[in-house]
Amino acid sequence: MSMKKPLFITILIFFSFVTHAQTVKVGAEITDKYLPIIKNKRVAVMANQTSMLRNEHLVDFLHRNNYNIVGIFSPEHGFRGTADAGEHVASSADNKTGIPIWSLYGSGGGKPAADKMKEFDVLLFDLQDVGLRFYTYYASMVRLMDACAEHNKKMIILDRPNPNGFYVDGPILDIKHKSGVGWLPIPVVHGMTLGELALMVNGEKWLPQGRICDVTVIRCENYTHQTRYELPIAPSPNLPNIQSIYLYPSICLFEGTVMSLGRGTSFPFQVYGHPNFKGSDFSFTPRSVSGAKNPPLLNRKCYGVDLRNVSHEYIWENGFDLSYVIDAYKNLKMGDKFFTNFFEKLVGVDYIRQDIIAGKSAQGIKDKWFCDVLKFKQQRRPYLLYEE
């Protein structure tokens, strides 16, 4: 036994060194790959609070180095990332640099007006995604790709790791349920970076009329799809930590039900509850807070389940997990009134609600999308930039 402890410590030190030596570098940090392309060009930037290279914001870095930034496009949650989900984000100007901010969220179908497209030569896109079909940043990217294709503008994607990029799970979207939270025929958990997804959009001709966007992807360094990448900055107000990001694929489904998933608390996407939930001592009360001004079940005491201490390994093992929704559905005994019309937009297919009502198990329903996952993994393979 005495020999094992020093050996174990040696192994830990070795792996700590390897991990440190192989620190992931995001696309924004690989400046020699994209600064020559934007030199002497009028540049528009799609960015938010996650668009950092080392300790400086991308816009501040470009502005400080005298690149001609003519406008900043902002996604859902705004340029500084403080708006509620789905909240209209007004156009304005960046207080720090004075550069105009052109909001893409809440009006005009998410595509820039033609007059804005005339103001720049190249679009630099840098957003931290979390790898889910219902997370809206990839849809913003696809709309911008379409606008750039229409107006013959170049687009550069500064790629970032996908914190849920190590697996694929869930059904492929039935296009009849296409919406702002389901834009492409992909599974709930697609396991791709935005750069890879952009290449797939072009390759599969998913833009309207088969348009192709002139896109260049600046790859991350020292990243593979098995890298467990923890985000240095929260990608949106209600995904405050890695626990919420890992639970997000499964817990987001409560947005399509009568339940609260903790919006308006300090632990959103890490709990679920309802005033009528039975048999639980755990409770929380959603309040009006920044990033969740009018959360579901506002000011009502909810009883439910606390997932903050569920291990990452358990979450990874179960992937896109319907058991939480099934548990709540059985507990409330409301039948179909448990669901809202938004549920199908999130899950992307009709059969999940029907099977839950019919009493099928989470694994029994999961088996139905097994072939979807195999099909998509094969379909996406030509577009992967990083080792699986």
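Let us look at the structure shown here. (Residues numbered from 1 in each chain as written. Predicted model: local features only at pLDDT ≥ 70, side-chain atom pairs only at ≥ 80, totals over all residues. Heavy atoms only, no water.)

### Observations concerning the environment of S250
Part 1: Examined against the element boundaries, S250 turns out to sit in helix 7 (residues 242–251).
Part 2: Here the alpha-carbon distance between S250 and L322, two residues 72 residues apart in the chain, equals 6.4 Å.
Part 3: Once you skip the residues sitting within four places of it in the chain, S250 turns out to touch G319, F320, D321, Y324 and V325. (Helix = DSSP H or I, 4+ residues; strand = E, 2+ residues; numbered from the N terminus. Contact = heavy atoms within 4.5 Å.)

### A short note on the side chain of S244
Part 1: Following the sequence through the fold, S244 ends up in helix 7.
Part 2: Residue S244 is classed as buried on the basis of its relative accessible area, which comes to 0%. (Buried < 20%, exposed > 50% of the residue type's maximum accessible area, 1.4 Å probe, protein only.)

### Concerning the sheet that holds strand 4 (residues 69–74)
Part 1: The sheet built from 7 strands is open, its strands ordered 5-6-4-1-7-8-9 with mixed pairing. Of all strands in the sheet, those with a lone pairing partner are strand 5 (92–93) and strand 9 (215–218), marking the two edges.
Part 2: Here strand 1 (residues 43–47) pairs with strand 4 via 4 bridges, running parallel. Counterpart to V45 in the pairing with strand 4 is I72.
Part 3: Helix 6 (residues 194–203) contacts strand 7 (122–126), strand 8 (154–158) and strand 9 of the sheet and is inclined by roughly 155 degrees relative to strand 9. (Pairing = 2+ DSSP bridges. Axes fitted to C-alpha atoms, helices over the stretch in contact; angles between N-to-C directions.)

### Quick word on the pairing of strand 7
Part 1: In terms of residue burial, strand 7 counts as a mostly covered element, since 5 of its 5 residues are buried.
Part 2: Here strand 7 shows no split at all, with V122, L124 and D126 on one side and L123 and F125 on the other all buried.
Part 3: Here strand 1 pairs with strand 7 via 5 bridges, running parallel. Across the sheet, residue A44 finds its bridge partner in strand 7, namely L123.
Part 4: Across 4 bridges, strand 7 lies against strand 8 in parallel orientation. Among the inter-strand pairings, L124 is bridged to a residue of strand 8, identified as I156.
Part 5: Handedness of the β-α-β unit built from strand 7, helix 5 (residues 137–150) and strand 8 comes out right-handed. (Right-handed = clockwise from strand over helix to strand, strands pointing away.)

### Brief notes about the pattern of salt bridges
Part 1: Going through the model one piece at a time under the given rule, you end up with 19 salt bridges.
Part 2: Ionic pairing is found between K111 and D146, a salt bridge with its closest N-O pair at 2.9 Å. Residue K111 is found in the loop between strand 6 (100–103) and helix 4 (114–117), and its partner D146 is found in helix 5; the two are separated by 35 residues along the sequence.
Part 3: Judged by its relative accessible area of 28%, K111 falls in the partly exposed class. (Salt bridge = Lys/Arg side-chain N within 4 Å of Asp/Glu carboxyl O.)

### As for the sheet that holds strand 10 (residues 271–274)
Part 1: Here we have 3 strands laid out as an open sheet, ordered 10-12-11, and antiparallel in their pairing. Single-partner strands in this sheet number two, and they are strand 10 and strand 11 (283–284).
Part 2: Sheet topology places strand 10 next to strand 12 (residues 302–306); 4 bridges connect them, and they run antiparallel. Of the residues in strand 12, the one forming a bridge with H274 is Y303.

### As for unusual backbone geometry
The general pattern is negative phi for most residues beyond glycine and trans for most peptide bonds.
Part 1: For N152, which is not glycine, the phi torsion reads 55 degrees and is therefore positive.
Part 2: Checked against the element boundaries, N152 lands in the loop between helix 5 and strand 8.

### Focus on helix 9 (residues 323–332)
Part 1: With 7 of its 10 residues buried, helix 9 lies for the most part within the structure.
Part 2: Among all positions in helix 9, only Y324, V325, I326, A328, Y329, N331 and L332 are buried.
Part 3: Downstream of helix 9 by one or two residues, K333 has phi in the positive range, about 50 degrees.

### Section: helix 13 (residues 370–380)
In an α-helix there are 3.6 residues to a turn, and that puts residues three or four apart on one side.
Part 1: Where helix 13 is concerned, the buried positions are V373, F376 and R380. When helix 13 is viewed along its axis, its buried side chains cluster within an angular range of 70 degrees and face the same direction. For helix 13, exposure combined with an orientation more than 90 degrees from the buried face picks out F370, C371, K375 and Q378. (Arc of directions from axis to C-beta.)

### Describing the packing of aromatic side chains
Part 1: The tally for this structure, following the rule as stated, stands at 22 aromatic pairs.
Part 2: Ring geometry for Y223 versus Y386: centroids 5.0 Å apart, planes at 75 degrees, classification edge-to-face. A residue pair is termed long-range when its members are at least 10 positions apart, and Y223 in the loop between strand 9 and helix 7 and Y386 in the segment after helix 13 qualify at 163 residues.
Part 3: Take Y223: its relative accessible area is 5%, and that puts it in the buried class.
Part 4: Through successive ring pairs, a cluster of aromatic residues spans F134, Y135, Y137, Y248 and F269.
Part 5: In this structure, R143 is placed above the aromatic ring of W183, and the distance from its NZ or CZ to the ring centre is 4.2 Å.
Part 6: R308 extends its terminal NZ or CZ atom over the ring of F267, reaching a point 4.1 Å from the ring centre. (Phe/Tyr/Trp six-rings, centres within 6.5 Å; stacked < 30°, edge-to-face > 60°. Lys NZ or Arg CZ within 6 Å of the ring centre and 35° of its normal.)

### Some words on the nonpolar core
Part 1: Ranked by size, the top nonpolar core spans 119 residues in total, and within it Y34, L124, M141, M155, F254 and I352 carry the most contacts.
Part 2: Ranked by residues supplied to this core, first place goes to helix 5 with 9 residues.
Part 3: Discounting residues that sit within four places of it in the chain, L124 has contacts with Y34, I38, V43, A44, V45, M46, L58, L62, I156 and L158.
Part 4: In terms of nonpolar packing, the next biggest core, distinct from the first, is built from 6 residues, V271, F284, L297 and C302 among them. (Core = buried A, V, L, I, M, F, W, Y, C linked by side-chain atoms within 4.5 Å.)

### Section: the environment of D60
Part 1: When you line up the elements, D60 lands in helix 3 (residues 58–64).
Part 2: Taking the relative accessible area as the measure of exposure, D60 reaches 13% and is therefore buried.
Part 3: C-alpha of D60 to C-alpha of T97: the two residues are 37 residues apart in sequence and 7.4 Å apart in space.
Part 4: A polar atom in the side chain of D60 sits 3.1 Å from the side chain of K96. (Polar contact = N/O pair within 3.5 Å; in protein donor to acceptor, adjacent residues only side chain to side chain.)

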